[in-house]
Amino acid sequence: MYVEIIGIIVIFVAIRALITQNRAEKLLYLNVMGFGVSAIIALVINTPFALVVAAAFFICSTISANAIAYTLKKLDDEILLE
């Protein structure tokens, strides 16, 4: 039951990430999707190794979201010539 609830939340957040135009909101939604996928991994694969896989996915998705946010912040500060 928990997997279905988290799956619905992840699908809803994925749709919101596709719809929104704000980059900051997109990053927030992508981060939530990463957390949801790591939770689904830990719940579906019911072994101790699943916790390691879920933790690795969680850490990597958080680092990548932070790297994207940092890059987008740097781009906002630059002057673009058209």
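Above this note sits the structure.
Quick summary incoming for the structure in this document. Within each chain, residues carry numbers counting from 1 in the order of the written sequence. Only residues with pLDDT of 70 or above have their local features reported here, since the model is predicted, and side-chain atom pairs are shown and tallied only from 80 upward, although totals for entire chains, interfaces and linings are computed over all residues. Excluded from the side-chain calculations are hydrogens and water; all other atoms, namely the structure's heavy atoms, are used.

### So, the overall build of the protein
Filter applied, for reference: Elements are defined by DSSP. Helices are runs of H or I of four residues or more, strands are runs of E of two residues or more, and each kind is numbered from the N terminus. Just to be clear, the radius of gyration here is over C-alpha atoms, and the globule rule we use is 2.2 Å times residues to the power 0.38. Only protein chains enter the calculation, and the probe is 1.4 Å; a residue is then buried if its accessible area is under 20% of its type maximum, exposed if over 50%, and partly exposed in between. Pairs of residues are marked as contacts when any of their non-hydrogen atoms sit within 4.5 Å. Exposure was quantified through the Shrake-Rupley algorithm and a 1.4 Å probe, taking into account, for residues, occlusion by the shown protein chains and nothing else. We treat Lys and Arg as the positive residues and Asp and Glu as the negative residues; His and chain ends play no part in the count. Charge placement uses NZ in Lys and CZ in Arg. For Asp and Glu, CG and CD serve respectively.
A tally of helices and strands in the protein yields 3 helices and 0 strands. Taken from the N to the C terminus, the helices and strands of the protein come in the order α-α-α. For 82 residues, the compact-globule estimate of 2.2 N^0.38 gives 12 Å, and the C-alpha radius of gyration of the protein, at 15 Å, exceeds that figure by more than 25%. With the principal axes as the frame, the protein shows a C-alpha extent of 55 × 25 × 15 Å. The buried share among the 82 residues of the protein stands at 23%. Sequence-distant contacts in the protein: of pairs separated by 6 or more residues, those separated by 24 or more amount to 48%. Surface accessibility of the protein: about 6300 Å² in total, with carbon and sulfur atoms responsible for 74%. Taking the 5 positively charged and 6 negatively charged side chains of the protein as two groups, their mean positions are separated by 2 Å.

### Structural notes on the nonpolar core
Applicable threshold: Among buried residues, those of type Ala, Val, Leu, Ile, Met, Phe, Trp, Tyr and Cys that are joined through side-chain atoms within 4.5 Å constitute a nonpolar core.
With 6 residues, the main nonpolar core is built from Ile6, Val10, Val13, Ala17, Tyr29 and Met33. If you list the elements that add at least two residues to this core, you get α1 (2–19) and α2 (23–44). With near-sequence residues (within four places) excluded, Ala17 lies in contact with Lys26 and Tyr29.

### Some points on the packing of α1 against α2
Note the threshold: Fitted lines through C-alpha atoms serve as axes, helices being fitted only where they are in contact, and the angles separating the N-to-C directions of these axes extend from 0 to 180 degrees. For classification purposes, angles smaller than 35 degrees are called roughly parallel, those larger than 145 roughly antiparallel, those between 65 and 115 roughly perpendicular, and all remaining angles oblique. Take the far helix as your reference; a near helix turned counterclockwise from it by less than a right angle gives a left-handed crossing, and one turned clockwise gives a right-handed crossing.
Packing of α1 against α2 brings their axes to within 9 Å, and their N-to-C directions diverge by 160°. One finds that α1 runs roughly antiparallel with respect to α2. In the crossing of α1 with α2, the sense of the turn from one axis to the other is left-handed. Touching Tyr2, Val3, Ile6, Gly7, Val10, Val13, Ala14, Arg16 and Ala17 of α1 are Lys26, Tyr29, Val32, Met33, Gly36, Val37, Ala39, Ile40, Leu43 and Val44, all from α2.

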